[in-house]
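Residue strings, one per chain:
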Number of protein chains: 2
Amino acid sequence: MHVAMGQTEAEATRCSIERTLAIVGEKWSLLVLREVFYGAERFDDIQRALGCSRDILSRRLSTLVEAGILTRANYRVPGERTRPAYGLTEQGKELFPVLLALMQWGDKYVAPPEGPSVLVRAKSDDRPVRVEVTTDGSHRTVSADEVTFAPGPGHAERLATSSGI
Amino acid sequence: MHVAMGQTEAEATRCSIERTLAIVGEKWSLLVLREVFYGAERFDDIQRALGCSRDILSRRLSTLVEAGILTRANYRVPGERTRPAYGLTEQGKELFPVLLALMQWGDKYVAPPEGPSVLVRAKSDDRPVRVEVTTDGSHRTVSADEVTFAPGPGHAERLATSSGI
């Protein structure tokens, strides 16, 4: 059943998926967000984690700040120059289900044979969290603040350690 | 809390989010999937809906078929040449929460003032479906086959109609 939606480019532009992708629908933007969800705050930490160019990262961070997804605040280590630190706004935190849905699909279909590289668990009871599609609005959704991220069996550091490198 | 994950590019490559983005983490690929979820099957229909170049669409469709997300089968209208028709594999259908999570965020933060452009409801009881993050694996997740997509208040066609164009 084709519901005849998005028949023109102008129409498609009105769709929430496309509007959202216009902000975060770019590989690097989603990976930048992943790092900030994991706890990275500083430009250098994010850049090291992603291995992308400083130029790309700088542009992506600015887009995400302008879109109200990330905050940028200055911090200063004594004796060093002032640097920006990044964090998620409430709006940004609500992208957690998008990243978790991507992770969940990837864990099932494209994870390394060892298993998932990252385990996401609820702080409250240490149980794994999952994305579900439901019509039952009665149960409260678990927020990004309420989970921990830990290396899983397919995590590179663990693999490197177990192979003695 | 930075859990020191994804410290190198090689490591990041192992993350399920990044592996998934390598397949679908490109604006056009996700929009192509959106159209197929909405029921489009033919190249021309998808191309008209997205307004992207035939070249880009052709490449994205091939990538999604090779990744096992879309099926490609031939169909033939009498008197016309054989053409490919696209559909979702089971693996493809399981990307539904990713698109729904993007839509949900977009509906909240970047929808037109009129409201969402698309309404997603369960076939069983016509209630709106939502993505939730949960630790409770007891309730069954609603699949893409079990929902309907209908134009919402912010849908372009409806807007055009109500403004008399």
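**Quick notes on the overall build of chain A**
- When its secondary structure is counted, chain A shows eight helices and five strands.
- Along chain A, helices (α) and strands (β) appear in the sequence α-α-α-α-α-β-β-α-α-β-β-β-α when read from the amino end.
- Among the 165 residues that make up chain A, the fraction classed as buried is 50%.
- Of the roughly 7600 Å² of accessible surface on chain A, a fraction of 50% belongs to carbon and sulfur atoms.

**Considering the interface of chain B and chain A**
- In this complex, chain B contributes 82 residues to the contact, which on the side of chain A involves 83 residues.
- Here chain B packs against chain A, burying approximately 7500 Å² in sum over the two surfaces, 60% of which is carbon and sulfur.
- On inspection of chain B and its partner chain A, the count reaches four salt bridges.
- One salt bridge in this structure joins Arg34 of chain B and Glu18 of chain A, with 3.5 Å as the shortest N-O distance.

**Examining the environment of Ser62 of chain A**
Residue and element names in this part refer to chain A.
- Tracing the sequence through the fold places Ser62 in helix H5 (residues 54-66).
- Exposure remark for Ser62: the relative accessible area of 23% places this residue in the partly exposed category.
- Once the C-alpha coordinates of Ser62 and Arg72 are considered, the two residues, ten residues apart in sequence, prove to be 9.0 Å apart.

**What about the relation of the copies chain B and chain A?**
- Rotating chain B by 180° about the axis while translating it 0.0 Å along that axis superimposes it on chain A, leaving an RMSD of 0.0 Å. The operation mapping one copy onto its partner corresponds to a two-fold rotation axis.
- An overlap of 100% is found between the interface residues of chain B and their copies at the interface of chain A, pointing to a shared contact surface.

**Quick look at the pattern of salt bridges**
All names here are of chain B.
- Under the defined criterion, the tally for this structure stands at 26 salt bridges over all chains.
- We note a salt bridge from Asp44 to Arg83, for which the minimum N-O separation is 3.8 Å. You can see Asp44 sitting in helix H4 (residues 43-50) and its partner Arg83 sitting in strand S2 (residues 83-88), a full 39 residues away along the chain.
- Its relative accessible area of 29% is what places Asp44 among the partly exposed residues.
- On the accessibility criterion, Arg83 (21% relative accessible area) is partly exposed.

**A look at the packing of aromatic side chains**
- For the structure on display, the rule yields eight aromatic pairs over all chains.
- Seen from their ring centres, Phe96 of chain B and Phe149 of chain B are 6.3 Å apart, and the 85° between their planes marks the pair as edge-to-face. Linking Phe96 of chain B in helix H7 (residues 96-109) with Phe149 of chain B in strand S5 (residues 147-151), this pair joins segments that are 53 residues apart in sequence.
- Directly above the ring of Trp28 of chain A sits Lys27 of chain A, whose terminal nitrogen or CZ lies 5.7 Å from the centroid.

**What about helix H5 (residues 54-66) of chain B?**
Residue and element names in this part refer to chain B.
- Its 13 residues give H5 an end-to-end C-alpha distance of 18 Å, which sits within 8% of 18 Å, the value for a rise of 1.5 Å per residue.
- If you check which residues of H5 are buried, you get Leu57, Arg60, Leu61 and Leu64. Take H5 and look down its axis: the buried residues cluster within an arc of 100°, on one side only. Facing away from the buried side of H5, by more than 90 degrees, are the exposed residues Asp55 and Glu66.

**Things to note about the confidence of the model for chain A**
Residue and element names in this part refer to chain A.
- Mean pLDDT over chain A: 84, with 85% of residues reaching 70 or higher.
- At the low end of the mean pLDDT range in chain A sits helix H1 (residues 9-14), at 50; at the high end sits helix H6 (residues 90-93), at 96.
- When the criterion is pLDDT under 50, residues 1-12 qualifies, and its contacts beyond four places in sequence or with other chains add up to 42 contacts.
- Considering only residues more than four positions removed or in separate chains, one finds that residues 161-165, a stretch of pLDDT under 50, has one contact.
- Taken over the whole predicted complex, pTM reads 0.87, whereas the ipTM for its chain interfaces reads 0.86.

Rules used throughout
Residues numbered from 1 in each chain as written. Chains lettered and ligands numbered in written order. Predicted model: local features only at pLDDT ≥ 70, side-chain atom pairs only at ≥ 80, totals over all residues. Heavy atoms only, no water. Helix = DSSP H or I, 4+ residues; strand = E, 2+ residues; numbered from the N terminus. Buried < 20%, exposed > 50% of the residue type's maximum accessible area, 1.4 Å probe, protein only. Areas by Shrake-Rupley, 256 points an atom, 1.4 Å probe, with all protein chains shown as cover. Contact = heavy atoms within 4.5 Å. Buried area = accessible area lost by both parts, 1.4 Å probe. Salt bridge = Lys/Arg side-chain N within 4 Å of Asp/Glu carboxyl O. Least-squares fit on C-alpha atoms with pLDDT ≥ 70 in both. Phe/Tyr/Trp six-rings, centres within 6.5 Å; stacked < 30°, edge-to-face > 60°. Lys NZ or Arg CZ within 6 Å of the ring centre and 35° of its normal. Expected span 1.5 Å × (residues − 1). Arc of directions from axis to C-beta. pLDDT = per-residue confidence, 0-100.

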